[in-house]
Amino acid sequence: MFFLGRRNKNPMKTAIQLAKKAMRHDDVPIGAVVARRGDRGDWEVVGRGENRVQSKNNPMAHAEIVAIHEATRNQKSKFLDDCVIFTTLEPCAMCATAISFARIKTVILAARDIKGGGIFTNSRVYDTDSHLFRPEVIEDLECAAEAGQLLTDFFKKKRQDKAKKRLENMMKTCKAQQN
């Protein structure tokens, strides 16, 4: 479904598909694609990833980290100077720093993260003097609503599942006390 090295007209749409994939394995729906411009002006995908924190039981398996890891492996370089990362959510401080260390020239994000974002909110990683490389940051307002809705739906379901489980546990306790 997501082929590396293939031409791609809209990497953000691919990132959204990856976010949906993350949701299917019960991870927060975030997707990321590392791409570079091809000779015909289209995008060549060199790395992609979806959030895998829960499925891999690894707090560092964020979509951006997975995509950067794949891209550096495929490019055989720790630097991705000619690349752009498309991500469905504003990167956290860890991911924003990794983007900087990989020298990815541009970050294109769909939705801001008011709780854990590392670029526009909270730590504002690229505003510090300690970052030697600051990528350009662009918001993809066209995809922001869709990416945001995935997150809203995911967490709404999580809250509903938790309430349902709590109710089931209460029912079991009541039943046990009656017996």
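These numbers were taken from a predicted model, which means no experiment stands behind them. (Residues numbered from 1 in each chain as written. Predicted model: local features only at pLDDT ≥ 70, side-chain atom pairs only at ≥ 80, totals over all residues. Heavy atoms only, no water.)

### With respect to the overall build of the chain
Of regular secondary structure, the chain possesses five helices and six strands. Reported as C-alpha extents along the three principal axes, the dimensions of the chain are approximately 75 × 40 × 30 Å. The buried share among the 179 residues of the chain stands at 42%. Of the roughly 10,500 Å² that the chain leaves accessible, carbon and sulfur atoms contribute 53%. (Helix = DSSP H or I, 4+ residues; strand = E, 2+ residues; numbered from the N terminus. Buried < 20%, exposed > 50% of the residue type's maximum accessible area, 1.4 Å probe, protein only. Areas by Shrake-Rupley, 256 points an atom, 1.4 Å probe, with all protein chains shown as cover.)

### Remarks on helix α1 (residues 11-24)
The α-helix advances 3.6 residues per turn, and as a result positions three or four apart in sequence lie on the same side. Compared with the 20 Å implied by 1.5 Å per residue over 14 residues, the 20 Å span of α1 between its first and last C-alpha is a close match. Turning to α1, its buried residues number three or more, namely Pro 11, Met 12, Thr 14, Ala 15, Ile 16, Leu 18, Ala 19 and Ala 22. Directly after α1, the chain includes Asp 26, whose backbone phi takes a positive value near 65°. (Expected span 1.5 Å × (residues − 1).)

### A short note on the pairing of strand β4 (residues 84-89)
The buried count for β4 comes to six of six residues, which makes it a mostly enclosed element. In the sheet, strand β2 (residues 31-37) pairs with β4 via four bridges, with the strands oriented antiparallel. Counted as the bridge partner of Val 34 is Ile 85 from β4. By the bridge criterion, five bridges tie β4 to strand β5 (residues 106-111) in an arrangement that is parallel. Its bridge partner being in β5, Ile 85 is matched across the sheet by Val 107. Traced from β4 through helix α4 (residues 93-101) to β5, the parallel crossover comes out right-handed. (Pairing = 2+ DSSP bridges. Right-handed = clockwise from strand over helix to strand, strands pointing away.)

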